[in-house]
Amino acid sequence: MDWLYILMPIAGIKIFWPGLIILGVGVGIIGGFFGMGGAWMVTPGLNILGFPMAFAIGTDIAHMAGKSLISTLRHGKFGNVDYKLGLIMLFGTVVGFEIGAQMVMWLERMGSVELVVRWLYIALLALITWMVFHDIAVRKAKERAAAARGEKLDSLATGVEWAKTLHKIKIPPMVHLKEAGIYCSAWLPIFVSFLTGWLAGILGIGGGLIRMPSLIYLVGCPTHVAVGTDLFEVAISGLYGALSYTYKGRTELVAAMIMLVGAAVGAQIGAVGTKYIKGYGIRIAFGLCVIGCAVSILMKLVQPLVPQFKAILDAGATVVVLGFVSAMSLYIFVRTMAGMKEEIRRNKQRSA
């Protein structure tokens, strides 16, 4: 079965190449759908397949940059990208990213990068899972309250409304973001981008894992605009990040190219999917993806506590991350195809 493994010349290890293709196609679909580079799954996924953590981060950022650029162009055709917002956030992203990347190099020298990054992932995934499902629960409560009054809740109504509070902060300069429908202080998106840029540098996530929910809950973007704008920001920060990690010798370009081939196709499907699955459907699917990713990382973290089950947990973590990516990708693909067929049927009825 040696033919299923390919040598990574820079990292000096052999990798199960079908796993790279599954990650590339699957994360292309999921990333294009959720508006993220997908590194929140690919970085731990590469680590589970055998990459040292620093190489997993650098390789994923290189793959992410190309895929996100493809997705951004597709979303731009649907009017889902607020380019002005993305450019404003660029300033904070670059500064935050470089600080995070330097911290990874320091942790690698200390021999702590694997443990620290994995636990930071778990903490971040737990926070985002709570944030997403708390928002959904609040909106459901609003729907029940409206139904009790004999009313129907506005389809644009949200659950938590933290962004409305933050919009009351009027620190100049103020900016109007047309596509997002927002008027706020420019410092709000800059602060959010600095935080997500730092996380991108230290976790290799392109910031998308937290930037997309931050754009929704803190900046106040509609879900579909948050998706497209985040991909635009991920593409820019990813290109910078790829150069930074390649300069530091932590990017395996062979693996990045293998994943990018599949991701280029998957990103197109994911971007089209947002046309047919909108609003809280995207948020619920996002929350489920975060839970699946957390489970695979926990299976790696508990191995030192139960060394007799290391082989089982290693195999289980690989099955969970690849299986979850495949299942969610299939769900998005099927829903997208169903939506396209329904749209064609309606168009035929109107033209008849």
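Please read all numbers here as calculations on a predicted model, not as lab measurements. (Residues numbered from 1 in each chain as written. Predicted model: local features only at pLDDT ≥ 70, side-chain atom pairs only at ≥ 80, totals over all residues. Heavy atoms only, no water.)

A. Molecular detail of the pattern of salt bridges. One pass over the full model with this rule turns up two salt bridges. Note that Arg345 is salt-bridged to Glu342, the shortest N-O span being 2.3 Å. Of this pair, Arg345 and Glu342 both sit in helix H12 (residues 310-351), separated by three residues, roughly a single helical turn. Since its relative accessible area comes to 38%, Arg345 is described here as partly exposed. Here Glu342 ties to Arg346 by a salt bridge, and the two come within 3.5 Å at their closest N and O atoms. Of the two residues, Glu342 and Arg346 both sit in helix H12, four residues apart, roughly one turn of that helix. Owing to a relative accessible area of 30%, Glu342 belongs among the partly exposed residues under this scheme. (Salt bridge = Lys/Arg side-chain N within 4 Å of Asp/Glu carboxyl O. Helix = DSSP H or I, 4+ residues; strand = E, 2+ residues; numbered from the N terminus. Buried < 20%, exposed > 50% of the residue type's maximum accessible area, 1.4 Å probe, protein only.)

B. How the structure looks around unusual backbone geometry. In this structure, Pro173 follows Pro172 across a cis peptide bond, with omega equal to 0 degrees. Along the chain, Pro173 turns up in the loop between helix H6 (162-166) and strand S3 (174-177).

C. Structural context of helix H10 (residues 253-273). Here H10 is 21 residues long and its end C-alpha atoms lie 29 Å apart, about the 30 Å a rise of 1.5 Å per residue gives. If you look at H10, its biggest bend is around 35 degrees, right at Ala263. Within H10 the residues assigned to the buried category are Ala255, Ala256, Met259, Gly262, Ala263, Gly266, Ala267, Gly270, Ala271, Val272 and Gly273. (Expected span 1.5 Å × (residues − 1). Bend = angle between axes of the 7 residues up to and from the residue.)

D. Structural detail: the pairing of strand S1 (residues 5-8). Strand direction decides the pairing type here: S1 and strand S2 (residues 13-16), joined by four bridges, are antiparallel. Residue pairing across strands places Leu7 opposite Lys14, the latter belonging to S2. (Pairing = 2+ DSSP bridges.)

E. Expanded view of the packing of aromatic side chains. In this structure the tally under the stated criterion is three aromatic pairs. Measuring from ring centre to ring centre gives 5.0 Å for Tyr83 and Phe232, while their planes differ by 80 degrees; the resulting arrangement is edge-to-face. Here Tyr83, found in helix H4 (residues 83-110), pairs with Phe232, found in helix H9 (residues 223-247); they are 149 residues apart in sequence, far enough to count as distant. Look at Phe232 and you get buried, because its relative accessible area is 13%. (Phe/Tyr/Trp six-rings, centres within 6.5 Å; stacked < 30°, edge-to-face > 60°.)

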